[in-house]
Amino acid sequence: FGRYKVYIIDEVHMLSRNAFNALLKTLEEPPEHVKFIFATTEIRKVPVTVLSRCQRFDLRRVGAGELLQHFTDIAAKESAAVDEDALRLIARAADGSVRDGLSLLDQTIAAYGSSGATASEVQVRGMLGVADASGVFDLFEMVMGGHADDALTGLRTLYDSGADPIAILQDLLALSHWLTRVKLVPKTADDA
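Conventions and cut-offs
- Residues take numbers from 1 onward in each chain, read along the sequence in its written order.
- The model is predicted, so local features are restricted to residues of pLDDT at least 70 and side-chain atom pairs to those at 80 or more, both for listing and for counting; the totals for chains, interfaces and linings are taken over all residues.
- The side-chain numbers reported here are obtained from all heavy atoms of the structure, hydrogens and water having been left aside.
- DSSP-based pairing: two strands are paired if at least 2 bridges between them are found.
- Strands here mean DSSP runs of E at least two residues long; helices mean DSSP runs of H or I at least four residues long; both are numbered from the N terminus.
- Look down the strands so they point away from you; if going from the first strand over the helix to the second traces a clockwise path, that crossover is right-handed.
- Residues adjacent in sequence count toward polar contacts only when both atoms are side-chain atoms; beyond that, a polar contact is any pair of N or O atoms within 3.5 Å, and within protein one must be able to donate a hydrogen and the other to accept it.
- Distance thresholds for patches are 9 Å for like charges and 5 Å for nonpolar side chains (Val, Leu, Ile, Met, Phe, Trp, Tyr), applied to residues having over 30% relative accessible area and no salt bridge.
- Surface exposure here means Shrake-Rupley accessible area, sampled with a 1.4 Å probe, where a residue is shielded only by the protein chains that are shown.
- Basic side-chain nitrogens of Lys or Arg form a salt bridge, by our definition, when they fall within 4 Å of a carboxyl oxygen of Asp or Glu.
- Three labels apply to residues, based on accessible area from a 1.4 Å probe with only protein chains included: buried if under 20% of the type maximum, exposed if over 50%, partly exposed otherwise in between.

Engineer: Would you explain the pairing of strand E1 (residues 5-10) in this entry?
Structural biologist: Put simply, side chains in a regular strand alternate between the two faces of the sheet. Bridge count for E1 against strand E2 (residues 34-39) is 6 bridges, and the pairing is parallel. Within the sheet, the bridge partner assigned to Tyr-7 lies in E2 and is Phe-36. Taken together, E1, helix H1 (residues 17-28) and E2 constitute a β-α-β crossover, and its handedness is right-handed.

And the structure:
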């Protein structure tokens, strides 16, 4: 019905080399009534020959506060009971991606909030495999204090409680980065 036929290819970086070569001919001489929209999170994997024939728009990550508000609104519209701390954890885990956050929210509602019960932070933390914040702070303190035995025991405790080791390391890196920023520019502590 419209003037244009629009093709949206999500995760375009997943195309094979042969698929990109086949698509290149169409991109070189596109029909006037056809528009392509390519979406990717891995722009480095898209061949330069394809990139040179595209107009590029880099979308920014959405802030955790904005995601929290969005997820709160969705939970209210769906009449799903999800604790605010659980929503905050989902917003943080989404890492700026609305789509990933919505997937996590959907999983949370399906697993914990659909039966009338309230999905809690502890349940979401277990679902995501992330460590409790106080446990990460304790582990950081043990590592920085040079207490290797205690740090390994603390890591094992977090692992046994369901935390993913990669997530623990990412949390430690984020904490280290934040503390470094606060040490260099103390007023950044207000941004947290």
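Engineer: How should the side chain of His-13 be read in this particular structure?
Structural biologist: Inspection of the secondary structure assignment puts His-13 in the loop between E1 and H1. Within the structure, the side chain of His-13 is placed 2.7 Å from the side chain of Thr-40, a separation counted as a polar contact.

Engineer: What exactly am I supposed to notice about a nonpolar patch on the surface here?
Structural biologist: Taken together, the side chains of Tyr-4, Val-6, Ile-8 and Ile-37 define a hydrophobic patch exposed on the protein surface, amounting to about 390 Å² of accessible area. In this structure, Val-6 sits in strand E1. The class for Val-6 is partly exposed, based on a relative accessible area of 46%.

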